[in-house]
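Structural description and commentary
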Amino acid sequence: DDYNDVAHLEFNNQPGDMVGQFIDHPDVVGHEVTEVSFYLYRLGGNTTDTYDIVVADSNAVIRHTFASNLKVSDLPLGSSPSDAVKITGDTGSYFFKSGDRIAVRADQAPSGYGIEIAQQDAPSSSFDKGYRSVWGSFPSSAWGQWTNATTKDLKFELVALSCPGGCPPPRSRSDRCPTPIT
């Protein structure tokens, strides 16, 4: 695939810092998202650090947590985006709103190089309904705001329950049409 770079949650970050993907896709915004996946690996160390897979709004308020307290030490060791593995959070569901981001969130200040998140850079970036977005303390100018990189996309997948032409009123979860978005 074209994922040729990584984004980091590393030693310069603080608890609550996030690397995410802004999404403005019509099959996601306004629809129920049931799972979110990122492609991750670690460079080394971090035997006690944990992270979450979340949805955060434009003010970095956590709106939903798909997975929490995941151990960095459970990620494979690696040195390039091709070493990343798919990590999925599927706890509950969330109706995605305009301005939301899916994100990997540090639970504490990383004790080393931390988490590497596979991403692609333009011109190979093909997801035209969003971009990489970082909330954090490094660089210090980023604190208190999302820093957007419109020429980068994280490697992610999500499942949004939607159907072309609209979904029928659900009687049960199986009545909905799952549409994977990557």
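Heads up: the structure comes first, above all this text.
Now for a quick tour of the structure. Please read these numbers as outputs of a predicted model, since none were measured by experiment.

Examining the sheet that holds strand 2 (residues 18–23)
Judged by pairing direction, the sheet is antiparallel, and its 6 strands sit side by side in the order 5-4-8-2-10-11 without closing on themselves. Either end of the sheet is taken by a strand with one partner, and the two such strands are strand 5 (62–71) and strand 11 (146–149). Put simply, the sheet's adjacent strands are angled 20° from each other on average, direction ignored. Relative to strand 8 (residues 101–106), strand 2 runs antiparallel, the two sharing 5 bridges.

Examining the environment of Asn 4
Tracing the backbone through its elements, the reader meets Asn 4 in the segment before strand 1 (5–9). Judged by its relative accessible area of 48%, Asn 4 falls in the partly exposed class. Each C-alpha atom, one on Asn 4 and one on Ala 118, is 7.5 Å from the other, the two residues being 114 residues apart in sequence.

Some words on the pattern of salt bridges
Counted under the stated rule, the structure contains 5 salt bridges. One salt bridge connects Arg 105 with Asp 52, and the closest N-O pair in it is separated by 3.3 Å. Of this pair, Arg 105 sits in strand 8 while Asp 52 is found in strand 4 (residues 50–56), placing the two residues 53 residues apart along the sequence. Lys 86 is the partner of Glu 157 in a salt bridge, and the nearest nitrogen-oxygen pair spans 2.9 Å. Of this pair, Glu 157 sits in strand 13 (residues 156–161) while Lys 86 is found in strand 6 (residues 85–89), placing the two residues 71 residues apart along the sequence. Its relative accessible area of 39% is what places Lys 86 among the partly exposed residues. One salt-bridge network, held together by shared partners, links Asp 52, Arg 105 and Asp 107.

Topic: the environment of Asp 5
Among the secondary structure elements, Asp 5 is positioned in strand 1. Taking the C-alpha atoms as reference points, Asp 5 and Ala 118, separated by 113 residues in sequence, lie 6.1 Å from one another. Not counting residues up to four positions away in its chain, the partners in contact with Asp 5 are Pro 81, Ile 117, Ala 118, Gln 119, Asp 121 and Lys 152.

About the criteria used
- Every residue gets a number counted from 1 within its own chain, in the order that chain's sequence is written.
- In keeping with the predicted nature of the model, local features appear solely for residues at pLDDT of at least 70, side-chain atom pairs appear and are counted solely at 80 or more, and the whole-chain, interface and lining totals rest on all residues.
- Each side-chain value is worked out from all heavy atoms of the structure, with water and hydrogens disregarded.
- Strands pair, by our definition, only if DSSP identifies at least two bridges between them.
- Here a helix means four or more residues in a row that DSSP labels H or I, a strand means two or more in a row labelled E, and each is numbered from the N terminus.
- The convention used is that axes are lines fitted to C-alpha atoms, helices contributing only their stretch in contact, and that angles between N-to-C directions extend from 0 to 180 degrees.
- Exposure classes here rest on a 1.4 Å probe applied to the protein chains alone. A residue is buried below 20% of its type maximum, exposed above 50%, and partly exposed in between.
- We define a salt bridge as a side-chain nitrogen of Lys or Arg found within 4 Å of a carboxyl oxygen belonging to Asp or Glu.
- When checking whether two residues touch, look at their non-hydrogen atoms; a contact exists if any pair is within 4.5 Å.

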